[in-house]
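Fold and geometry: a report
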Amino acid sequence: DTAVSQTPKYLVTQMGNDKSIKCEQNLGHDTMYWYKQDSKKFLKIMFSYNNKELIINETVPNRFSPKSPDKAHLNLHINSLELGDSAVYFCASSPWTSGNTIYFGEGSWLTVV
Amino acid sequence: GENVEQHPSTLSVQEGDSAVIKCTYSDSASNYFPWYKQELGKRPQLIIDIRSNVGEKKDQRIAVTLNKTAKHFSLHITETQPEDSAVYFCAAGNYGGSQGNLIFGKGTKLSVKP
């Protein structure tokens, strides 16, 4: 009964490839996020969706494209992967009106070689 | 936009000692200040939070204090134990706000030596 689940957990791929990470939450939350955590452990928001609508789009290369088919799912597609994309990507969710407590998924470790 | 500064970046204490991590924020509209703990290889998890109408909140060995005038808040861990070793993140946001976004500090790596 994992609250926020994302797949795959580990992903090793070559430069130039296209890959996707999927995320699902069963908490009934309205808002979902993608965070990137680099090797220095900085947690930086990439995207935020509320009820399938994009509400935050930080300065992220166009190669990153989020998609939210419904409010329980937020997937991340990355085109033309680069070495610098290697990081841990955390999906997260939070209630819309009940505060901003964020619940993180277990993370997806992406390594670009 | 909001900017959150967190200090120190690393902290080493002896088991049983206290640990204090401090954060400052820039946006006076922020009114929600959570703290997350991230163990090695795991996800960040909420350990305590405080809202701007409260100056201090305590939960067993951890406490958070907030000084809204000075725009800073701190995490206090007493009687530290080896299992407290982790990276701790502070964050600031607008509770119930229209965007539901949290800005995180850069983290503090706490090491508790037995």
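To start, this report covers the structure provided alongside it. Treat the numbers as computed from the prediction; the structure is a model and nothing was measured.

As for the state of the cysteines
Residue and element names in this part refer to chain A. Going through the model one piece at a time under the given rule, you end up with two disulfides over all chains. Here Cys23 pairs with Cys91 through a disulfide, and the sulfurs are 1.8 Å apart. Measuring the twist about the S-S bond at about -80 degrees, one finds the Cys23-Cys91 disulfide to be left-handed. Pair noted here: Cys23 is in strand 3 (residues 19-25) and Cys91 is in strand 9 (residues 87-94), with a separation of 68 residues, a long-range link.

Description of the pairing of strand 3 of chain A
Residue and element names in this part refer to chain A. Pairing of strand 1 (residues 4-7) with strand 3 involves four bridges; the strand directions are antiparallel. Bridged to Val4 within strand 3 is Gln25. Summarising the sheet, strand 3 and strand 8 (residues 73-78) pair through four bridges and their orientation is antiparallel. The partner of Ile21 across the bridge, within strand 8, is Leu76.

Details of the sheet that holds strand 7 (residues 62-67) of chain B
Residue and element names in this part refer to chain B. Across the sheet, five strands lie side by side as 1-3-8-7-6; this open sheet has antiparallel pairing. Two strands lie at the open edges of the sheet, namely strand 1 (4-7) and strand 6 (56-59), each paired on one side alone. The average angle at which neighbouring strand axes cross in this sheet is 15 degrees, direction not considered. Alignment of strand 7 against strand 8 (residues 72-77), held across six bridges, turns out to be antiparallel. Each bridged residue has a counterpart across the sheet, and for Ala63 the counterpart in strand 8 is His76.

Let's talk about the nonpolar core
Of all hydrophobic cores here, the largest spans 23 residues; its most connected members are Trp35, Phe73 and Leu110 of chain B. Every residue in contact with Phe73 of chain B, bar those within four places of it in the chain, is listed here: Ile21, Lys22, Cys23, Tyr25, Phe33, Trp35, Thr65, Leu66, Cys90 and Ala91 of chain B. In terms of nonpolar packing, the next biggest core, distinct from the first, is built from 20 residues, Leu11, Phe47, Val60 and Leu76 of chain A among them.

Focus: the pattern of salt bridges
One pass over the full model with this rule turns up seven salt bridges over all chains. Across the pair Arg43 of chain B and Glu106 of chain A runs a salt bridge whose closest N-O atoms are separated by 3.1 Å. In this pair, Arg43 of chain B is assigned in the loop between strand 4 (32-38) and strand 5 (45-51) and Glu106 of chain A in the loop between strand 10 (103-104) and strand 11 (108-112), connecting two distinct chains. Taking relative accessible area as the criterion, Glu106 of chain A reaches 37% and is therefore assigned partly exposed. With a shortest N-O distance of 2.9 Å, Asp84 of chain B and Arg61 of chain B are connected by a salt bridge. Here Arg61 of chain B lies in the loop between strand 6 and strand 7 and Asp84 of chain B lies in the loop between strand 8 and strand 9 (86-93), a separation of 23 residues in the sequence. A relative accessible area of 6% places Asp84 of chain B in the buried class.

Some points on the sheet that holds strand 7 (residues 64-70) of chain A
Residues and elements named next belong to chain A. What the four strands build is an open sheet, ordered 1-3-8-7; its pairing is antiparallel. Every other strand in the sheet has two partners, leaving strand 1 and strand 7 as the edge strands with one partner each. The average angle at which neighbouring strand axes cross in this sheet is 20 degrees, direction not considered.

What counts, and at which threshold
Residues numbered from 1 in each chain as written. Chains lettered and ligands numbered in written order. Predicted model: local features only at pLDDT ≥ 70, side-chain atom pairs only at ≥ 80, totals over all residues. Heavy atoms only, no water. Disulfide = S-S within 2.5 Å. Helix = DSSP H or I, 4+ residues; strand = E, 2+ residues; numbered from the N terminus. Pairing = 2+ DSSP bridges. Axes fitted to C-alpha atoms, helices over the stretch in contact; angles between N-to-C directions. Core = buried A, V, L, I, M, F, W, Y, C linked by side-chain atoms within 4.5 Å. Buried < 20%, exposed > 50% of the residue type's maximum accessible area, 1.4 Å probe, protein only. Contact = heavy atoms within 4.5 Å. Salt bridge = Lys/Arg side-chain N within 4 Å of Asp/Glu carboxyl O.

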